[in-house]
Amino acid sequence: MTALRHSENAVAAKARAAFGRMLTSSQYDELLRKQSVQEISAYLREHTAYAQALEGVQDSAIHRGRLETLLRRDLFYQYARLTHYVPGAGAGAIYGYIVPDMEIELILSALRVIISGSGDLLAALPSFMQSYARFDLVALAQAKTLDGLIEAVRATPYEAILRACREQYPPQGGSLRFTRYEVALRTYYFESMLLRAARAPKHAAKQLSGLIRMRAELMNLNTIFRMKTYFNADAGRIRATLLPYHWRIRPRQMQAMIEAKDTQAFMKLLSQTALGRQINPQAAFIELETERVRYHETLRTLRFATEPQVVYLAFMLLRAMETEDIIRIIEGVRYRLPPERIGAMLARS
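Remember, predicted model here, so these are calculated numbers, not experimental data.

A.B. asks: Explain empty space enclosed by the protein to me, using residue names and the numbers behind them.
C.D. replies: Tallying each qualifying case throughout the model produces two cavities of 30 Å³ or more. When its volume is computed, the largest cavity comes out at roughly 100 Å³. Lining the largest cavity are Ile 94, Tyr 97, Tyr 189, Phe 190, Met 193, Leu 211, Ile 212, Arg 215, Arg 294, Leu 313 and Leu 317. Of all the elements in the fold, those that place two or more residues in the lining of the largest cavity are helix H9 (178-198), helix H10 (202-230) and helix H15 (308-334). The class makeup of the residues in the lining of the largest cavity is nine nonpolar, no polar and two charged. The calculated volume of the second largest cavity comes to roughly 40 Å³. Looking at the second largest cavity, the residues that line it are Asp 101, Ile 104, Arg 186, Tyr 189, Phe 190 and Arg 215.

Structure below.
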């Protein structure tokens, strides 16, 4: 057995052990019964695997933003703890997926601030990832113009992407076509992840590709739903916002949904697909439905996975969804929603 394979097996074993420490159904039920952010913080620290992440926290002083930051930091540290065992984080393998994902989210946030002319990205920076990022986070947050943003990501793959977008879609009257930049950045992300997946052993490559393509396709469904529901967008405008990847829905089916006359027609066509049968056609917010699909498909992949890279990626995706579920509970409690309504919003429901 090679040293790399031995390291990967160690990562897989630790990922499965960490999966066993994720929140149980009864722990979720307890969280749903809490009445405040402070009670949620205390429960997570005293009764769950988040004890270390919240060590030293004064529950009486904790607020929503701080608790959410600590949870997201712990997710990143989980990634760091696991990839520590892989030399060079598996140079070119799937292990490094989380860093470019977070980098792109930060670049998109910076673009939003530049477009709106307001907002304080500096205060929300995930400083814990600075040693992993390929650009200076503070320089990015301080960028006030597109040129400043391009300079902040100089000598990274993002520089070329942003320059190409600026040339193809030049700013008009000071405005930027945010969606074009978003599609270009996310396309780069998914393409690079698929290339990483392709380097894995054949069976693992297929499973990794499925996890990656699933996320892209479900994002496309969310986009079509939003564009039809809130913007009454035509097919041409919708196509320009979609990622060029497929998972379970055939291209012909996707094309028909893009051309559907309205949201109701889109949902009807979606319900006729194998994937759509897992989605409530009456759903008011399709994002919750697609997140549930992703959760349960990823969970199924993890349960049957034998290849280390698949175990690792499936676990980390589930762990990220658990973090978002806890944050949904925090938000629900903050707005005093009833427990059953909050529970219905969770990906694992």
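Now that the structure has been shown, the text picks up again.
A.B. asks: Help me get a handle on the packing of H10 against H15, residues and values and all.
C.D. replies: Two elements in contact, H10 and H15, have axes whose closest approach is 9 Å; the angle formed by their N-to-C orientations is 15°. Comparing the axis directions of H10 and H15 gives the class roughly parallel. Crossing of H10 against H15: the hand is left-handed. Of the residues in H15, those in contact with Ala 204, Gln 207, Leu 208 and Leu 211 of H10 are Gln 309, Val 310, Leu 313, Ala 314 and Leu 317. Taken together, the residues that form the contact of H10 with H15 break down as seven nonpolar, two polar and no charged.

A.B. asks: Outline the side chain of Arg 294, supporting the account with residue identities and numerical values.
C.D. replies: You can see Arg 294 is positioned in helix H14 (residues 286-304). The exposure class assigned to Arg 294 is buried, which follows from its relative accessible area of 14%.

A.B. asks: Break down H15 for me, citing the residues and quoting the values.
C.D. replies: In this model, H15 (27 residues) spans 39 Å end to end at C-alpha, consistent with the 39 Å of a helix rising 1.5 Å per residue. Arg 336, located one to two residues past H15, shows a positive phi value of around 55°.

A.B. asks: Outline the environment of Met 193, supporting the account with residue identities and numerical values.
C.D. replies: As for its position among the elements, Met 193 is in helix H9. Ignoring any residue separated from it by four or fewer positions in sequence, one finds Met 193 in contact with Ile 94, Tyr 97, Pro 100 and Ile 212.

A.B. asks: Tell me about the packing of aromatic side chains, and name the residues and values.
C.D. replies: Applying the stated criterion across every chain yields a total of eleven aromatic pairs. For the ring pair Phe 76 and Tyr 79, a centre distance of 5.4 Å and an interplane angle of 50° mean the geometry is tilted. Of this pair, Phe 76 and Tyr 79 both sit in helix H4 (residues 64-83), three residues apart, which is roughly one turn of the helix. For Tyr 79, a relative accessible area of 3% corresponds to the buried category. Geometrically, the ring pair formed by Tyr 97 and Tyr 312 is edge-to-face, given 6.4 Å between the ring centres and 75° between the ring planes. With Tyr 97 in the loop between H4 and helix H5 (98-116) and Tyr 312 in helix H15, the pair connects residues that are 215 residues apart, well separated along the chain. Note on accessibility: Tyr 97 and Tyr 312 belong to one class, buried. Among the aromatic side chains, those forming a connected cluster through ring pairs are Phe 76, Tyr 77, Tyr 79, Phe 128 and Tyr 132.

A.B. asks: Account for the pattern of salt bridges, with residues named and values stated.
C.D. replies: Considering all chains together, one arrives at 23 salt bridges under this definition. Across the salt bridge formed by Arg 186 and Glu 182, the nearest N and O atoms sit 3.2 Å from each other. Of the two residues, Arg 186 and Glu 182 are both situated in helix H9; the distance of four residues between them amounts to about one turn of the helix. Overall, Arg 186 belongs to the buried group, its relative accessible area being 10%. Among the charged side chains, a salt-bridge network with shared partners connects Arg 64, Glu 68, Glu 331 and Arg 334.

A.B. asks: Mind laying out H10, listing which residues take part and the relevant values?
C.D. replies: Its 29 residues place the ends of H10 42 Å apart at the C-alpha level, agreeing with the 42 Å of an ideal helix rising 1.5 Å per residue. Count one or two residues on from H10 and you reach Asn 232, which has phi positive near 50°.

A.B. asks: If you had to explain the side chain of Thr 301 to someone new, which residues and values would you point to?
C.D. replies: Counting through the fold element by element, Thr 301 comes out in helix H14. For Thr 301, the contacting residues outside a window of four places in its chain are Leu 211 and Val 310.

A.B. asks: So what's going on with the environment of Glu 105? Which residues, and what values?
C.D. replies: Looking at where Glu 105 falls in the secondary structure, it is placed in helix H5. Residue class for Glu 105 comes out partly exposed when judged on its relative accessible area of 29%. With 67 residues separating them in the primary sequence, Glu 105 and Gln 172 have C-alpha atoms 24 Å apart. Of the polar contacts made by the side chain of Glu 105, one reaches the side chain of Arg 186; its length is 2.9 Å.

A.B. asks: If you had to explain the nonpolar core to someone new, which residues and values would you point to?
C.D. replies: Of all hydrophobic cores here, the largest spans 100 residues; its most connected members are Phe 266 and Tyr 312. Considering each element in turn, this core owes the most residues, twelve residues, to H10. Each residue touching Phe 266, except ones within four places of it in the same chain, is listed here: Leu 221, Ile 224, Phe 225, Lys 228, Met 257, Ala 260 and Ile 286. One finds Leu 32, Ile 40, Leu 44 and Val 57 within the second-largest nonpolar core, a separate group that totals 22 residues.

Rules used throughout
Residues numbered from 1 in each chain as written. Predicted model: local features only at pLDDT ≥ 70, side-chain atom pairs only at ≥ 80, totals over all residues. Heavy atoms only, no water. 1 Å grid on protein atoms, 1.4 Å probe; cavity = no way out; pocket = protein on both sides within 12 Å on 5 of 7 lines; lining within 4 Å. Points joined across faces, edges and corners; volume = space filled by probe spheres on them. Helix = DSSP H or I, 4+ residues; strand = E, 2+ residues; numbered from the N terminus. Nonpolar A, V, L, I, M, F, W, Y, C, P; charged D, E, K, R; others polar. Axes fitted to C-alpha atoms, helices over the stretch in contact; angles between N-to-C directions. Parallel < 35°, antiparallel > 145°, perpendicular 65-115°, else oblique. Left-handed = near helix turned anticlockwise from the far one by under 90°. Contact = heavy atoms within 4.5 Å. Buried < 20%, exposed > 50% of the residue type's maximum accessible area, 1.4 Å probe, protein only. Expected span 1.5 Å × (residues − 1). Phe/Tyr/Trp six-rings, centres within 6.5 Å; stacked < 30°, edge-to-face > 60°. Salt bridge = Lys/Arg side-chain N within 4 Å of Asp/Glu carboxyl O. Polar contact = N/O pair within 3.5 Å; in protein donor to acceptor, adjacent residues only side chain to side chain. Core = buried A, V, L, I, M, F, W, Y, C linked by side-chain atoms within 4.5 Å.

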